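# Structural features, examined
Listed below are the residues making up each chain.
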Amino acid sequence: MRLEYFEMIDRVTSLDRETKRIEVSSVVPQESPVFEGHFPGHPLVPGVLLTETMAQASGYLVLGLMGFTHMPFLMGVDKARFRTFVGPGTVLAVTAQLEHEGSGYAVTKARITAEGKPICDAELRFRIMPFPEGMDGLMRAQARRIGLLEESV
């Protein structure tokens, strides 16, 4: 996880096309410029970055299920709940399930846990659109980095 670069996902641990579910893992870094201001002397991952982590897991789920034909853009976050704080070194398990896809939109339910304990969850809504020019290759490179795509794809 590189918070300051919005690289929130370290590894895809499973993608189940039949159940339309993805599981990913991330380890919060011990040090990050983000922690200098949030909060000095008591570093915590901002809730907006936890939301971004769920959105990225959901986005990779949609990309994987659609075969990288279109790009999901986050359009809405509903029913977000934060249950505890997340500090440096925490190992996060993130799951996302596709609830609906059609008419140019996708809806997922995502959840983050640490050591089996709930951290946060939300319903996320995405607009499915053609890739902006040049974005397709960048997303495929990121997907290879996290293990969603094989090197030859």
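Residues numbered from 1 in each chain as written. Predicted model: local features only at pLDDT ≥ 70, side-chain atom pairs only at ≥ 80, totals over all residues. Heavy atoms only, no water.

Per an unreviewed UniProt entry, the protein goes by the name Beta-hydroxyacyl-ACP dehydratase and belongs to Microvirga arsenatis.

### Thoughts on the pattern of salt bridges
Summed over all chains, the structure comprises 6 salt bridges. Arg2 is the partner of Glu7 in a salt bridge, and the nearest nitrogen-oxygen pair spans 3.0 Å. Here Glu7 falls in the buried class, since its relative accessible area comes to 17%. Of the residues examined, Arg2 reaches a relative accessible area of 41% and is grouped as partly exposed. (Salt bridge = Lys/Arg side-chain N within 4 Å of Asp/Glu carboxyl O. Buried < 20%, exposed > 50% of the residue type's maximum accessible area, 1.4 Å probe, protein only.)

### Regarding the side chain of Thr53
Secondary-structure assignment places Thr53 in helix α2 (residues 47-65). Engagement of the side chain of Thr53 in a polar contact is seen with the backbone oxygen of Leu49, the distance being 2.8 Å. Residues contacting Thr53, with those up to four places away along its chain left out, are Met1, Met8, Ile9, Val94 and Ile112. (Helix = DSSP H or I, 4+ residues; strand = E, 2+ residues; numbered from the N terminus. Polar contact = N/O pair within 3.5 Å; in protein donor to acceptor, adjacent residues only side chain to side chain. Contact = heavy atoms within 4.5 Å.)

### Thoughts on the pairing of strand β6 (residues 117-129)
As judged from the 9 bridges shared by strand β3 (residues 71-82) and β6, these two strands associate in the antiparallel manner. Paired with Val77 across the strands is Leu124, a residue of β6. With 10 bridges connecting them, strand β5 (residues 105-114) and β6 associate as antiparallel partners. From the neighbouring strand, Thr108 faces β6, where its bridge partner is Leu124. Counting the residues that bridge the hairpin from β5 to β6 gives 2 residues, and of these Glu115 lies at a positive phi of roughly 50°. (Pairing = 2+ DSSP bridges.)

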